[in-house]
Amino acid sequence: MASHAEVKLPPLHHVVDINVPESMTVPEKFPLNKKGQIDCKTCHDVKNIEETPFDEVDRDADDFFRQGPYQQITDFCYQCHDRESNQRENIHRLLDDKGELKKQQCKFCHVETPDPEEEYVREDFEFRLLPQKLCLGCHLKTPHLNANNHLLEVDDDMLERIKKYERKHQVSIPLNGKLITCISCHAVHEKGVLDMHKAAGKQVQDRDLELGIGYEKHAWNNIVQEDKKSRLKKLAEHSGQEIELSYQRIKYEVLLRLPAKDGTLCLVCHKFDL
Ligand code: HEC
Ligand code: HEC
Ligand code: HEC
Ligand code: HEC
Ligand code: HEC
Ligand code: HEC
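Draft legend 1. Geometry of the overall build of the chain. Regarding its fold elements, the chain presents eight helices and four strands. In the chain, the succession of α and β elements from N to C terminus is β-β-α-α-α-α-α-β-α-α-β-α. The burial tally for the chain puts 33% of its 274 residues in the buried class. Of all intrachain contacts in the chain linking residues separated by at least 6 positions in sequence, the fraction that spans at least 24 positions is 59%. Roughly 18300 Å² of accessible area belongs to the chain as shown, and the carbon and sulfur atoms make up 51% of that amount.

The structure is reproduced here in structure tokens:
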């Protein structure tokens, strides 16, 4: 078999050539390689996939995913990963299996259950807590590096940049007056609750909310990230912080208004030479 070092894999691909931990049971029909590791053919029943340029691989073939087709990609993941332990009660999961709104859950945050189909203005909504406090009952004020030090007022220059970006790209980066809050960066509804054609409904969700955010530890990501690295590095130099280390490893994003892994979100507010 060809050495995988030469294989060009799609960006953000699943890890390969990795041992199966004891806690995981790989189904018998998913062959492991000689070292007992997962390999291309463990997951893909495609002949010579490792020698085929990846844009020539037919992703729609039934057995592209071994034992497929699968209705949902997560059904494939759960062939190996444990469904139970990957399921946390995530209150942002607001659609049931049929795609219907879980209306009782709206009231974790809204005083009344809103109807997204109705005509509304945002001022119609009353929240249980002030927007800048809404998340803190369940999340820490420092859920991640750089969250807390973003909860401040933007200056006029930045405000203007944000407004311009919102108009140009039809997205919403809500501020509370001039104050950045958690929801300036985060969408809080599962994708599909709000009308995706409206600015407020635009959001990033790379995979099922149940699986949540994913961080990439694998070295391949370095290649993918190379392109934005220098830009983030400049921002890091400017701020004196190694932000690239924390942000470049995001693999799957959920509940964000714009992608952060390529810097799009950051560039709404921050300006630095490209
Ligand atoms: C643990 C399972 C697993 C293993 C092992 C695996 N893959 Fe994949 N592969 C996936 C998944 C899941 C996707 C779909 C990713 C996505 O959501 O786009 C994928 C997608 C792909 C695609 C299509 C990419 C695209 O965007 O069209 C190619 C090509 C591919 N894999 C090649 C390989 C090769 C070559 C190997 C071995 C070096 C390999 N895969 C090993 C799970 C696996
Ligand atoms: C053939 C079995 C198999 C399938 C199918 C599979 N995985 Fe994995 N996955 C593994 C193994 C083995 C590991 C490495 C051991 C570990 O981290 O638990 C792993 C690791 C991971 C990791 C951690 C990677 C890291 O960088 O630490 C994530 C996230 C993941 N898988 C997500 C998925 C998703 C999402 C799917 C479906 C698209 C999927 N897996 C399908 C076997 C599988
Ligand atoms: C975790 C808290 C939370 C939950 C749960 C929640 N919302 Fe919201 N909702 C918000 C916040 C914060 C805003 C204002 C920010 C925004 O525009 O996203 C909002 C705004 C909205 C808006 C107006 C969006 C716009 O156009 O500006 C609608 C419609 C809405 N929610 C519907 C719902 C429905 C329906 C549910 C239940 C299925 C729900 N929400 C559950 C926090 C929540
Ligand atoms: C009633 C409790 C509750 C409230 C209020 C709440 N959250 Fe959450 N949130 C959760 C739970 C539970 C999860 C599931 C993952 C976990 O346990 O961290 C979650 C997950 C998330 C995640 C994704 C983490 C992941 O990896 O899947 C983000 C981002 C997030 N919340 C942001 C917010 C923001 C922003 C607000 C305020 C508008 C908010 N949350 C309000 C309970 C809450
Ligand atoms: C400047 C933008 C920004 C602000 C402000 C912000 N976040 Fe985040 N947050 C991010 C990014 C980027 C990520 C990582 C990628 C993702 O969400 O998919 C993240 C991740 C998270 C996660 C998941 C962490 C994990 O590793 O699972 C939670 C929970 C979260 N944020 C909650 C909050 C809360 C609560 C606030 C307000 C106190 C907040 N965030 C403020 C940008 C922001
Ligand atoms: C809504 C606007 C906004 C967004 C989006 C945003 N920032 Fe910021 N950021 C600010 C403001 C305001 C400050 C404080 C003033 C300054 O340093 O320019 C700041 C400061 C910083 C600092 C310096 C923190 C310190 O303690 O000195 C870093 C690093 C940073 N941001 C990185 C990021 C990254 C990475 C992203 C994308 C994930 C991001 N920002 C997204 C507005 C934003």
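Draft legend 2. Focus on the coordination of the iron atom of ligand 6. The protein atoms that coordinate the iron atom of ligand 6 are His-150 (NE2) and His-270 (NE2), at distances spanning 1.9 to 2.0 Å. Relative to the metal, the six donor atoms surrounding the iron atom of ligand 6 lie at angles of 88 to 180°, and the coordination shape comes out octahedral. Note that His-150 is positioned in the loop between helix H3 (83–86) and helix H4 (156–169) and His-270 in the segment after helix H8 (264–269), a separation of 120 residues in sequence. Judged by its relative accessible area of 29%, His-150 falls in the partly exposed class.

Draft legend 3. Spatial organisation of a positive patch on the surface. Together, Lys-164, Arg-167, Lys-168 and Lys-271 make up a positively charged patch on the protein surface. Positionally, Arg-167 belongs in helix H4. Of the residues examined, Arg-167 reaches a relative accessible area of 57% and is grouped as exposed.

Draft legend 4. Representation of the environment of Asn-149 in the model. As for its placement among the helices and strands, Asn-149 is situated in the loop between H3 and H4. Look at Asn-149 and you get partly exposed, because its relative accessible area is 41%.

Draft legend 5. Quick look at the pattern of salt bridges. The final tally for this structure, using the stated rule, is five salt bridges. In this structure, Asp-208 and Arg-93 form a salt bridge, with 2.8 Å as the shortest nitrogen-oxygen distance. Placement of Asp-208 in the loop between helix H5 (182–185) and strand S3 (214–215) and of Arg-93 in the loop between H3 and H4 is noted, with a sequence separation of 115 residues between them. Note that Glu-166 and Lys-163 form a salt bridge whose closest N and O atoms lie 3.4 Å from each other. Residue Glu-166 and its partner Lys-163 are both found in helix H4; the two are separated by three residues, about one turn of the helix. Judged by its relative accessible area of 36%, Lys-163 falls in the partly exposed class.

Draft legend 6. Spatial organisation of the environment of Leu-159. Position of Leu-159 among the secondary structure elements: in helix H4. C-alpha of Leu-159 to C-alpha of Gly-177: the two residues are 18 residues apart in sequence and 10.0 Å apart in space. For Leu-159, the contacting residues outside a window of four places in its chain are Val-154, Leu-175 and Lys-178.

Scoring rules and cut-offs
- Residues numbered from 1 in each chain as written.
- Chains lettered and ligands numbered in written order.
- Predicted model: local features only at pLDDT ≥ 70, side-chain atom pairs only at ≥ 80, totals over all residues.
- Heavy atoms only, no water.
- Helix = DSSP H or I, 4+ residues; strand = E, 2+ residues; numbered from the N terminus.
- Buried < 20%, exposed > 50% of the residue type's maximum accessible area, 1.4 Å probe, protein only.
- Contact = heavy atoms within 4.5 Å.
- Areas by Shrake-Rupley, 256 points an atom, 1.4 Å probe, with all protein chains shown as cover.
- Donors = N, O, S within 2.8 Å, 3.2 Å for Na, K, Ca; no water.
- Tetrahedral: all angles 85-135°; square planar, octahedral: opposite > 155°, others 65-115°.
- Patch = residues over 30% accessible without salt bridge, like charges linked within 9 Å, V, L, I, M, F, W, Y side chains within 5 Å.
- Salt bridge = Lys/Arg side-chain N within 4 Å of Asp/Glu carboxyl O.
- Lys, Arg positive; Asp, Glu negative; His and termini not counted.
- Charge placed at Lys NZ, Arg CZ, Asp CG, Glu CD.

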